[in-house]
Every structure is written in C-alpha cells, then in structure tokens.
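Single-letter residue listing:
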Amino acid sequence: MSSLRGPLRAGAAKVDITPRDLTGLTNLFGRPFEGVHDPIFLRALVLDNGLKRAAIVAADLVEFGDTRAVREQIERETGIPARAVVITASHDHNAPRVGKVTPGATAQAGGPATEKYSEFVYQQVVAAVRQAQAAQQPARVGVGRGSADINTNRDVFTPQGWQVGVNLDGPSDKTVWAVKLESLSGEPIAVLMNYAVHAVVLGPDNRLVTGDLPGAAERFVERYYQDGVVALWTMGAAGDQNPKYSGWNTSLRQGAEENGAGYLLADAQGAIIGAEVIRVVSQMDALASEVRLEAEQKVIACPARVPLRNGTRVERVQAVDLRLGLLLINQIAITAVSGEVVTNIYQHLRAVSPLTNTLMITIANDRLGYIVDDAGYDTPTFATMATPIERGYAEAAIVNGLLEMIEQHLC
C-alpha cells in the first residue's frame, strides 16, 4: 500500500450562489421566494497526492439532479476524473433545486427559471473546483467524530396513522463527523462536516432564501476561524431524521425575518453542530501528510415502483439508477449515495465496514428520493410511502456495493 501513497495537496474554495433574480424560483414546497434572508454558497474541496485527484462539492441547495455532465466537464477542465467527483446538496428546503429530475425519481421539477438558475450553478461548480485546485498547497488530513442531539427520528404513530413528528425513541444517529485539512504549518484549509438531519427548520410558510441549519453550521465554523477555512456541510443518513426544533408553526414573511423563531432555531442548532465540529477538530493530533487516495463510483439499476404517497408524481420507468461513490483517504471511507438514506441502512454499513471511520454523504450526484431499509417497507411511514425502489433491492445494493468498493481498495 505504501507505494500508492504520495504527499497530500489540498485546496478549497467558496462561491456565492444566491439567486440574483428570484422570479419563478420556489422552495421545495412550491412557494415562490420573496427575498433573501441569508446568502447561500457552494463550496469545493480538491485533493491530490501526486498520483490521483478527487473533489467534493457541497452546495446550500435542495438537491442536484444527475450530475454526470458537470462532472465530465470538471474532468475535461481540471483533469480530476468524473468518477472521483462528489457533488452534493444540503437538502435545504428553502433554497432552489438544480438540474432536471431523473426519470423515476421523486424530486420536484422546476420551470424555465430553474433551468436558468441551474446553468448558473453548474458554471459556479466548475469555477469553484478550478479555484480550489489553483489554491492547492501541501497539506495533512485527519478525521474525528463527536455527538450532537439536535436531530430526531421523525416517524410517529398516531391515531390517524403514521405522521411526521418527533420520535425520541426511534433510530437516530447523533454522530458528528469532521474531516480536517490543514497546511503543514497548521493553518486550516477546509473542514468537511457530516450529520444526519433534514434542513427543514424553516417550513413551507417561509418565503426567504436561507441556508437553514446547514448554512448556520457552516457560518459558525468559518467565523470561528475568521473566514480562514472553508466549511463544507454534507448530509448523512437523514431520510428519517428531522431537526428536533423547528419554526414550522411560525408565519415568516419578508420584513419580519429577523424576529422569526425559525431563523433563531436554525442558528442555534447550527451553532451546536458547528461548535461540536470545532471541538472535534481541535483535538485531532494524528494528521497524515502522506496519503493513499482512491475514488470509485458505480451505478446499480434497481427495479422501480410508483410511490404510494398521494401527490407524489414520478415518471414511470422499469428501473432507477442508484449511484454509489467512494472516496478513500488512507483509512477514511467517505461513501456517497444518490438518495435520502434512512438511519438503519447506514448503521448496517458501519457494522460491516472494515474501516472505523466510515461516513455517508447522501443526495450525492443525484437525488432519487427516499431509500428505506428492507424492514422499513412493513411500516407505511413518510419515507416508505415515497420511495421509488421496490423492496429487497436498495439496502443490499448500498451496503454490499459500498463494502465491495472499500474492500477492493484496501487490498
């Protein structure tokens, strides 16, 4: 393995993707935006060990559609292989979506304004990767994990059936992951954070663009380091996880946003995650400057079904393409899945992974919709009713597919 190692170089960049024209743009709930509460950004991290290259792009957006075209453009313009690029969104429900809906996916389609904004964002994705690549410097990397109790299982059984709420006894992973990149002199370059929670502190009544909880966490970390670091938020297995506290019962309108409970709650919970990331990062003492860097992606066709939830419209197809990815940095396995994975699937992967430091980025390189574990099909929860994949395929495809990639690159 040592012959595959090389001196790590890392660079990061941050670009503003706040829409300049809100006309025709809506939040995930279909409500038109009326203003901007806080700007949204796109952040990129590029890694290079002299032998291989990789990039992660994280955006304060609802979702991306299939990112093949932009990843191929990145390969042409930077030399970073498309298979080594992970593009993900925070799943911020009060930001625009980007890209076309993949056939069979349970995503929200946009109109001409979405298409125009998507082209702008794609340009910024490539620009951010190029900036990050140009900013590369000798670096070292470390990983750590902490804990924060601001997420909750959201599947609650009521007299009216299964509803979305707060289930403190349901499966919920409280792990806060942090991957730190710093210069050889110890100056911060980037922090990649990962946590399992939906970005839905602000609800459907909000009409202002905002980064929600993930944006607040990113701001907290970057301000702590006096904007000397790029903080990338990635969403973990949050398919069944909501914030414990939200402002959905508060009417939030332009002009009253500063006093809106939702924004206060987003900032508070984002600060908790950000503070835990900083605590974890500050205690890292075993950073590596010589690394093995491996990246791979695969596509698995899974039999499709028409979601059972009322109001969910999908294009009828025989199969949907589930996209998996792996970025291996020494003994750090950053896995990626193109859907909203529930807690139990990620826990299954962690239980069988040979690497202790195995984290999962979801809504990566596409968004199919909810992906539930096999046993979850017995319970008609919000996620189960909306999954576009037939029972018996997704959990095995994700766990076995990612495990095979990890084991292959450890040989």
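Up top you'll find the structure we're talking about.
Residues numbered from 1 in each chain as written. Predicted model: local features only at pLDDT ≥ 70, side-chain atom pairs only at ≥ 80, totals over all residues. Heavy atoms only, no water.

Draft legend 1. Main features of the overall build of the protein chain. Counting its regular elements, the protein chain contains 7 helices and 20 strands. Taken over the C-alpha trace, the protein chain has a radius of gyration of 20 Å; the compact-globule value for 411 residues is 22 Å, and the two agree within 12%. Summarising its shape, the C-alpha atoms of the protein chain cover approximately 60 × 50 × 40 Å along the three principal directions. Relative to its 411 residues, the protein chain shows a buried fraction of 61%. Within the protein chain, counting contacts between residues at least 6 apart in sequence, those at least 24 apart form 78% of the total. Charged side chains of the protein chain number 37 positive and 45 negative; the gap between the two group centres comes to 2 Å. (Helix = DSSP H or I, 4+ residues; strand = E, 2+ residues; numbered from the N terminus. Rg over C-alpha atoms; globule rule 2.2 N^0.38 Å. Buried < 20%, exposed > 50% of the residue type's maximum accessible area, 1.4 Å probe, protein only. Contact = heavy atoms within 4.5 Å. Lys, Arg positive; Asp, Glu negative; His and termini not counted. Charge placed at Lys NZ, Arg CZ, Asp CG, Glu CD.)

Draft legend 2. Quick look at the sheet that holds strand β14 (residues 241-243). The antiparallel open sheet is built from 3 strands, whose spatial order is β9-β8-β14. The open sheet is flanked by β9 (161-167) and β14, the only strands paired with a single partner. Within the sheet, the average angular offset between the axes of one strand and its neighbour, ignoring direction, is 50 degrees. Judged from the 3 bridges that link them, strand β8 (residues 151-158) and β14 form a sheet pairing that is antiparallel. (Pairing = 2+ DSSP bridges. Axes fitted to C-alpha atoms, helices over the stretch in contact; angles between N-to-C directions.)

Draft legend 3. Main features of the pairing of β8. The element β8 is largely enclosed, with a buried count of 6 among its 8 residues. Pairing between β8 and β9: 5 bridges, direction antiparallel. Paired with Val156 across the strands is Gln163, a residue of β9.

Draft legend 4. Examining the sheet that holds strand β19 (residues 357-362) more closely. Read across the sheet, 5 strands follow the order β1-β15-β16-β17-β19 without closing on themselves; strand pairing throughout is mixed. Two strands close off the open sheet at either side, each with one partner strand: β1 (5-7) and β19. Across the sheet, the axes of successive neighbouring strands diverge by a mean angle of 25 degrees, strand direction being ignored. Pairing geometry for strand β16 (residues 319-329) and strand β17 (residues 332-337), over 6 bridges, is antiparallel. From the neighbouring strand, Leu327 faces β17, where its bridge partner is Ile334. The strands touched by helix α5 (residues 343-352) within the sheet are β17 and β19, with β19 carrying the most contacts at an inclination of about 150 degrees.

Draft legend 5. The environment of Gly369, seen in detail. Relative to the elements of secondary structure, Gly369 occurs in the loop between β19 and β20 (370-371). C-alpha separation for the pair Gly369 and Gln283, spaced 86 residues apart in sequence, amounts to 36 Å. For Gly369, the residues in contact, after removing those within four places along its chain, are Thr106, Gly339 and Glu340.

Draft legend 6. Structural context of the side chain of Asp373. With respect to the helices and strands, the residue Asp373 is situated in the loop between β20 and α6 (382-386). Despite its burial, Asp373 pairs with no opposite charge; the closest candidate is Arg391, at 8.2 Å N-O. Excluding anything up to four places from it in sequence, Asp373 contacts Val342, Asn344, Ile345 and Glu395. (Salt bridge = Lys/Arg side-chain N within 4 Å of Asp/Glu carboxyl O.)

Draft legend 7. Spotlight on the packing of helix α1 (residues 68-78) against helix α2 (residues 112-134). Interhelical geometry of α1 versus α2 gives an angle of 35 degrees and a closest axis separation of 10 Å. Once α1 is placed against α2, the crossing between them reads as right-handed. On α2, the residues touching Val70, Gln73, Ile74, Glu77 and Thr78 of α1 are Tyr122, Val125, Val126, Val129, Arg130 and Gln133. (Left-handed = near helix turned anticlockwise from the far one by under 90°.)

All quantities given are derived from atomic positions and should not be read as evidence of function.
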